[in-house]
Every structure is written in C-alpha cells, then in structure tokens.
Amino acid sequence: MRYVVDHDLHIHTILSVCAADEGQIPDSIIKEAKEAGYKQIVLTDHYWDKLVPSKTRDDFYETQDYEHICKALPLPKIGGVEFLFGCETDMDKENIIGIPKERYDDFAFILVPTTHLHMHAADVNNFDPEYRAKLWVERLECLLNSDLPFHKVGIAHLTCGLTNRSTSENWRKTFDSIKKEDMRRLFTKAAKLGVGIELNRDDIKRILNEGVQYFDVYKIAKECGCKFYMGSDAHSRGVSKNAREYFEKAVDYIGLEESDKFYIKK
Ligand SMILES: [Zn+2]
Ligand SMILES: [Zn+2]
C-alpha cells in the first residue's frame, strides 16, 4: 500500500525568532491541519535548553529556551487532529545537542537537525564540498551515538540547503562527495535505533530543482530499513497545508509504502 500523507511533524510558531508571521499560532496551525487532512501534527519551535552549556551555539538560541517555547501551551484541540508538543533542538559546533535528559519526558517528539551548518560548522565560511560532506557524516554519526530517546526523535532536513548554501553546484558536489558506504552504515544504524527520517518540504523542492537523483539519499535510507515522516518546516500560515503536494512527490520518487512510515512512540 502506498504511503499515506496524513501528518506534518515539523511546524514552527511565531515563538521561533526566525518566524515573521504573527498569525502563525497554535489555533491557526491546527485549523490548517484539519483543512489539509492531517491526522497528526507536532509543534517544533527552535529550542536550546539553559541546562546544556555550549561554548559555540549560535546567539540565535539566547531566547529559545524551554520557558519561551512553552508559551504555546496548552495546545488547542480539534476533533480528528492529534496536536503534539515537540521541539527542534540543535547540535553545536562541538556536536553537543541542546536538550538535557531531564527534558526528554517534556516533549512528545524531538527534532534534531545536523545540517544547520550556516551557524554550526566548525568553519562556517568553508564551503569546500569535501569538508561539508565530512561534516555531514560526522555530525549524523554523533547524533546516532547519543543517548536520545530515539523512538520519539526525528532527524530533520538531511539534504537541507544549509548543508552548503554557497552555490547550487557546491550543494550538489557536497552530496556527490558523501560515500554511499558511509550513508549505508549510518542509515543501517538509524534503522536499528528506530529514529525517524524527515522528508522536509524545502528539501523536496530543492531536489526537484537540483536533480531527482538526490532522492537517492532517501532511497538508500529506505533500503537500510529507515522509517520516514513528513515535515513542512512551516514558519508562516499556508505552508503546512501547501507542503502536501511536495510530500506526495517525495512518496512517488522514493517509492514509499505505508510500511515505511515512522510513528512516534509514547
Ligand atoms: Zn531546521
Ligand atoms: Zn525547523
């Protein structure tokens, strides 16, 4: 059976400092989800906990602490849509992850991006594809070696433009430089841990522009037994609902079946 697109597990509100739409609030998000036909959505505002010291995390996180993102609570309810409270934390330049053990129970779902390299590469101005490819592998490896509660963790936007935002060509060369054997090793481990792999709206759009062969990253993950969820990464109204057409394209290109779906475990 073909993968059914019935959720969006990566949505921001105006509480994320990079969001600009004042109307992007829990009430509008859940209404939009109902219209889009999503049965499950997750709020994932940017978050770095004060309990996690970091010498290198970006100033962006200064205000993005636990108390701040909790201002979205309690979440509104609408019949037929499960609305969960999650977060998008981050990994700094030293590969430290911004959520402490004490907070694992406070979130239904925890997103971790390894590709925010615009602020968390050891050398943010080094766009050499080989260097970026090496970071991609190292940071994913570090994440998989952490003690996160993987049954409710998603790895966000693995093919993000921020992996190498210098030029299109450098982005393509970065992904051309990652060895398939490294991908297989990492995705085999990811599958064993039960972590979710995100199909991010922006990533899908990018791959449709850069060349559909870059869906291979996800095809390899699927071959290794990984499970997938959809994430619009919406920061404004309308994006989550409109992401649906891109999610459907990813399902087609990757050949996803319903059995490839990631489910958040309680
Ligand atoms: Zn992100
Ligand atoms: Zn995000």
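From a predicted model like this one, the values you see are computed outputs, not experimental measurements.

Each value, and the rule that gives it
- Residues numbered from 1 in each chain as written.
- Chains lettered and ligands numbered in written order.
- Predicted model: local features only at pLDDT ≥ 70, side-chain atom pairs only at ≥ 80, totals over all residues.
- Heavy atoms only, no water.
- Donors = N, O, S within 2.8 Å, 3.2 Å for Na, K, Ca; no water.
- Helix = DSSP H or I, 4+ residues; strand = E, 2+ residues; numbered from the N terminus.
- Buried < 20%, exposed > 50% of the residue type's maximum accessible area, 1.4 Å probe, protein only.
- Pairing = 2+ DSSP bridges.
- Axes fitted to C-alpha atoms, helices over the stretch in contact; angles between N-to-C directions.
- 1 Å grid on protein atoms, 1.4 Å probe; cavity = no way out; pocket = protein on both sides within 12 Å on 5 of 7 lines; lining within 4 Å.
- Points joined across faces, edges and corners; volume = space filled by probe spheres on them.
- Contact = heavy atoms within 4.5 Å.
- Polar contact = N/O pair within 3.5 Å; in protein donor to acceptor, adjacent residues only side chain to side chain.
- Salt bridge = Lys/Arg side-chain N within 4 Å of Asp/Glu carboxyl O.
- Parallel < 35°, antiparallel > 145°, perpendicular 65-115°, else oblique.
- Nonpolar A, V, L, I, M, F, W, Y, C, P; charged D, E, K, R; others polar.
- Phe/Tyr/Trp six-rings, centres within 6.5 Å; stacked < 30°, edge-to-face > 60°.
- Lys NZ or Arg CZ within 6 Å of the ring centre and 35° of its normal.

> Report on the coordination of the zinc ion (ligand 1), specifying residues and quantitative values.
Surrounding the zinc ion (ligand 1) are the protein donor atoms Glu88 (OE), His116 (NE2) and His157 (NE2), at 2.1 to 2.2 Å. Sequence spacing of the donor residues for the zinc ion (ligand 1), all on one chain, is E-x27-H-x40-H. If you look at the zinc ion (ligand 1) and the zinc ion (ligand 2), they sit 3.6 Å from each other and are both ligated by Glu88. One end of the pair, Glu88, is in strand E3 (residues 82-88); the other, His157, is in the loop between strand E5 (153-156) and helix H5 (168-177), with 69 residues separating them in the sequence. For the pair Glu88 and His157, a shared accessibility class is recorded, and that class is buried.

> Report on the sheet that holds E3, specifying residues and quantitative values.
One open sheet holds the 7 strands; their spatial order is E1-E2-E3-E4-E5-E6-E7, and the pairing between them is parallel. Single-partner strands in this sheet number two, and they are strand E1 (7-11) and strand E7 (227-231). Here the strands of the sheet are splayed against their neighbours by 30° on average, with no regard to which way each runs. Inspection of the sheet shows E5 paired to strand E6 (residues 196-200) by 2 bridges, in the parallel sense. Bridge pairing links Ile155 to Ile197 in E6.

> Tell me about the layout of surface pockets, residues and numbers included.
Put simply, the largest pocket is a space of about 290 Å³. Around the largest pocket, the lining comprises 17 residues; the ones closest to its centre are His157, Cys160, Leu162, Asp202 and Asp233. Residue assignment for the lining of the largest pocket shows that the elements contributing at least two residues are helix H3 (117-120) and helix H7 (201-210). If you tally residues by element for the lining of the largest pocket, the top one is H7, at 3 residues.

> Lay out H7 in plain terms, naming residues and giving numbers.
It helps to recall that an α-helix has 3.6 residues per turn; residues three or four apart then point in one direction. Those residues of H7 that sit buried are Arg201, Asp203, Ile204, Ile207 and Glu210. Where H7 is buried, its residues contact H5, E6, helix H8 (216-223), E7, helix H9 (239-242) and helix H10 (244-254). By the N-cap criterion, in which a side-chain oxygen at the helix start approaches the backbone nitrogen of a residue two or three places on, H7 is capped by Asn200, the distance to Asp202 being 2.9 Å. Residue Gly211 follows H7 closely and has a positive phi angle near 140°.

> With reference to specific residues and values, describe unusual backbone geometry.
Backbone torsion omega between Leu73 and Pro74 reads -5°, so that peptide bond is classified as cis. Looking at the element boundaries, Pro74 is found in the loop between helix H2 (66-69) and E3. Phi is positive for His157, which is not a glycine, with a value near 20°. For His157, a relative accessible area of 3% corresponds to the buried category.

> An account of the pattern of salt bridges is requested, with residue identities and associated values reported.
Inspection of the entire model under this criterion finds 22 salt bridges. The partner of Lys173 in a salt bridge is Glu169, with the nearest N and O atoms 3.3 Å apart. Of this pair, Lys173 and Glu169 both sit in helix H5, 4 residues apart, which is roughly one turn of the helix. Under the relative-accessibility criterion, Lys173 is labelled partly exposed at 38%. When its relative accessible area of 43% is taken as the criterion, Glu169 is described as partly exposed. One salt bridge connects Glu210 with Arg172, and the closest N-O pair in it is separated by 2.7 Å. Within this pair, whereas Glu210 is found in helix H7, its partner Arg172 is found in helix H5, the two being separated by 38 residues in sequence. Note on Arg172: relative accessible area 28%, which makes it partly exposed.

> Break down the packing of H5 against H7 for me, with residues and values.
Two numbers describe how H5 lies on H7: the axes approach to 12 Å, and their chain directions differ by 100°. Considering their axes alone, H5 and H7 lie roughly perpendicular with respect to each other. Each of Ser168, Trp171 and Arg172 in H5 lies in contact with H7, whose residues at this interface are Arg206, Ile207 and Glu210. Along the lines of polarity and charge, the residues of the contact of H5 with H7 split into 2 nonpolar, 1 polar and 3 charged.

> Explain the environment of Val52 to me, and be specific about the residues and the numbers.
Counting through the fold element by element, Val52 comes out in the loop between strand E2 (40-46) and H2. The contact partners of Val52, leaving out residues within four places of it in the chain, are Ile96, Ile97, Gly98, Ile99 and Pro100.

> Tell me about the packing of aromatic side chains, residues and numbers included.
Within the structure shown, the criterion is met by 14 aromatic pairs. A ring pair is formed by Phe60 and Tyr61, whose centres lie 4.9 Å apart and whose planes are at 85°; its orientation type is edge-to-face. Accessibility expressed as a relative area gives 21% for Phe60, which makes it partly exposed. Ring geometry for Tyr66 and Phe107: centres 5.7 Å apart, planes at 90°, overall edge-to-face. One end of the pair, Tyr66, is in helix H2; the other, Phe107, is in the loop between E3 and strand E4 (109-113), with 41 residues separating them in the sequence. The class of Tyr66 is buried, set by a relative accessible area of 15%. By relative accessible area, Phe107 is classed as buried at 2%. Pairwise contacts between aromatic rings join Trp136, Trp171, Phe175, Phe187 and Tyr214 into one cluster. Here the guanidinium or amino end of Arg103 rests over the ring plane of Tyr66, the centre of that ring lying 3.7 Å away.

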